[in-house]
Amino acid sequence: MKTSFLFLLINIVNISFSQISTSIIPISKTYSSNSEFELNSISYDNEFPNLKGESFVYYTEETDSLGGKKILYKINRSFDIYDGYPFFLAISNDGRKIIYIKNEVYYKGEEHKNVTYYVDGKLIKTYTTEEFIDCNKDHEKCEIFFNNQYTTYKNEGATTREFKDDITEKDKFLNKNFVFNKNDTIYVIDNRKKIHLFDLNKNEFIKRKIDLDSIYPKIKNIEAVKSKVSYYNYPYKYIIDIEDSNNNKKLSETISEISKLKFIPIHDSTFGKYKLHRIELTGYIDKNGKLEIDFIKCDKIFDENKIKDYLKTATFKTDFIPKEVDKIYLTSFFGGYRNYDDKIAEQETIKEKEDRLEKYKKRLTLDKIDDIYIPKNLYECFTELDKTLNFESKKQLKESKDAWQFNSHMGGLGMWIRNNWGINGGSRLSKYFHNREVGTKRGFGNDEISGIIIEQYIKWLKGDKESWVKWEKENPNKN
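All figures in this text were calculated on a predicted structure; none of them were measured in a lab. (Residues numbered from 1 in each chain as written. Predicted model: local features only at pLDDT ≥ 70, side-chain atom pairs only at ≥ 80, totals over all residues. Heavy atoms only, no water.)

Describing the pairing of strand β16 (residues 204–211)
For step 1, the next point in the chain: Judged from the five bridges that link them, strand β15 (residues 194–199) and β16 form a sheet pairing that is antiparallel. The residue of β16 that forms the bridge with K194 is D211.
For step 2, the next point in the chain: Following β15, the chain reverses through four residues before pairing antiparallel with β16; N203 in that reversal takes a positive phi of roughly 55 degrees. (Pairing = 2+ DSSP bridges. Helix = DSSP H or I, 4+ residues; strand = E, 2+ residues; numbered from the N terminus.)

Looking at the nonpolar core
For step 1, the next point in the chain: Residues L251, I279, L311, I328 and F333 are the most contacted members of the largest nonpolar core, which totals 36 residues.
For step 2, the next point in the chain: Elements supplying a minimum of two residues to this core: β2 (24–31), β5 (53–63), α5 (251–259), β19 (279–286), β20 (291–298), α6 (304–313) and β21 (327–330).
For step 3, the next point in the chain: In this structure, L311 is in contact with L251, L281, L291, I293, I296 and F316, ignoring residues within four places of it in sequence.
For step 4, the next point in the chain: Residues I133, I144, L200 and I215 belong to the second largest nonpolar core, which totals 35 residues. (Core = buried A, V, L, I, M, F, W, Y, C linked by side-chain atoms within 4.5 Å. Buried < 20%, exposed > 50% of the residue type's maximum accessible area, 1.4 Å probe, protein only. Contact = heavy atoms within 4.5 Å.)

Some thoughts on the state of the cysteines
For step 1, the next point in the chain: Counting across every chain of the model gives one disulfide.
For step 2, the next point in the chain: Two residues, C135 and C142, share a disulfide whose sulfurs are 2.0 Å apart. Across the disulfide from C135 to C142, rotation about the S-S bond amounts to roughly -85 degrees, and the bridge is consequently left-handed.
For step 3, the next point in the chain: A relative accessible area of 7% means that C135 is categorised as buried.
For step 4, the next point in the chain: Overall, the relative accessible area of 16% leaves C142 in the buried class. (Disulfide = S-S within 2.5 Å.)

Comments concerning the packing of aromatic side chains
Centre distance and the angle of the planes are the two values used to describe a pair of aromatic rings.
For step 1, the next point in the chain: Enumeration according to the criterion identifies 37 aromatic pairs in this entry.
For step 2, the next point in the chain: Pairing Y85 with F87 gives two aromatic rings, centres 6.3 Å apart and planes at 5 degrees, and the pair type is stacked.
For step 3, the next point in the chain: Judged by relative accessible area, which is 26%, Y85 ranks as partly exposed.
For step 4, the next point in the chain: Three or more aromatic residues link up through ring pairs in this structure, and these residues are F48, Y82, Y85, F87 and Y231.
For step 5, the next point in the chain: Against the face of Y127 rests K125, its NZ or CZ located 5.3 Å from the ring centre. (Phe/Tyr/Trp six-rings, centres within 6.5 Å; stacked < 30°, edge-to-face > 60°. Lys NZ or Arg CZ within 6 Å of the ring centre and 35° of its normal.)

Comments concerning the sheet that holds strand β8 (residues 97–102)
For step 1, the next point in the chain: Taken in spatial order, the four strands of this open sheet run β7-β8-β9-β10, and their pairing is antiparallel. On the outer flanks of this sheet lie β7 (87–91) and β10 (122–127), each paired with one strand and no other. Sheet twist, expressed as the average angle between the axes of neighbouring strands with direction ignored, equals 15 degrees.
For step 2, the next point in the chain: Pairing analysis gives five bridges linking β8 to strand β9 (residues 115–119), with the strands arranged antiparallel. (Axes fitted to C-alpha atoms, helices over the stretch in contact; angles between N-to-C directions.)

Observations concerning unusual backbone geometry
For step 1, the next point in the chain: F48 connects to P49 through a cis peptide bond whose omega is -5 degrees.
For step 2, the next point in the chain: Here P49 shows up in the loop between β4 (47–48) and β5.
For step 3, the next point in the chain: Despite not being glycine, S35 has its phi angle at roughly 65 degrees, a positive value.
For step 4, the next point in the chain: As for its position among the elements, S35 is in the loop between β2 and β3 (37–43).

Structure (structure tokens):
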């Protein structure tokens, strides 16, 4: 996965953003160094890396009463491993300890941290990147894994790779062996070419920040044993479309009958005309047709308990579940519900618009939204970014020649500013810019606001601490 400035800034900010989505889902097998134990991990959804799956630890040479592999224990999460991506998984020679390491974090929570360590299937310890490789993100670039895959190849196809002619044996070694397990000692080579030795059995470091050159002759002939990964195709079945085995009705129809409300799918011509009452629902459906609710949230108009009771007792069709797995994770309750009476639906729509306007007016006065401080002017944007961004992010911004490359719709700093500082939904900061007729008349809207913040912040980073004063003089408050 090629890392761009935009993608890097998403992760260096150290706040959970968007995850990676895929249509091919991994099933991985990871063996202990002595080959006595196998860790089998299965993901059930199309986003990674996350926890939505299951993992099993088996004895490789022992069988159960039915002749299958004897299981040691199970963990209610997946350890997502993808070929070509910086994720690493190892299991100890006694089968009891597991370590999972990844360069990037996409979600909040202990089990989503960069490094997680388990004993007998229970989470014992977690580490951030900075903790694991003893790195100060405010003064240096911190990445757990060394990565040279985009500088070592001259030709790269779907199944073949060819090294450049001038690549050294050490470069080739680093390309394949930036992390490996050797008899329960985990070798991790970080972006600074520092090696860290971690004792998988004791959950402690043997030695850290070893210079690569000092240890390379001893490890250069080690061939890292990789996890074996196979894939299956995600079915992309929306949860609203699962069908009851008894009457062939889609879930959206059944909820319509339970709630006595009319379901409006997103492709309906009246979708945006009326206020719609919404349901958020996700869960696992197994091959027996049973749905295990993971999350449900209903607007007040619904009887949530009735919906839950139906979901717990119903049996759904499962012909869409891939043969490789026993269950699949479903999301996307697209659409909404409204009153069958158009006049009542119109009244609800008018009331919703009035409520939305009041909420918007209130947002323009708040110093915090969703517990995030909202800068009140351009100067405070700079001081808050100084607190939020780390060394590598600031370095990238300072060295950039085009500020707008950080202002993408697909992610990056601009998207973070628009979403977190209320530029998209209204805030005192958006009002500050609108009062100066920025983002209102020139056709670029909210992108223009975040772009100006980034452009002026780069000047701030380069030493112009009065850039915001000049900008305010050039763009005076018109109210």
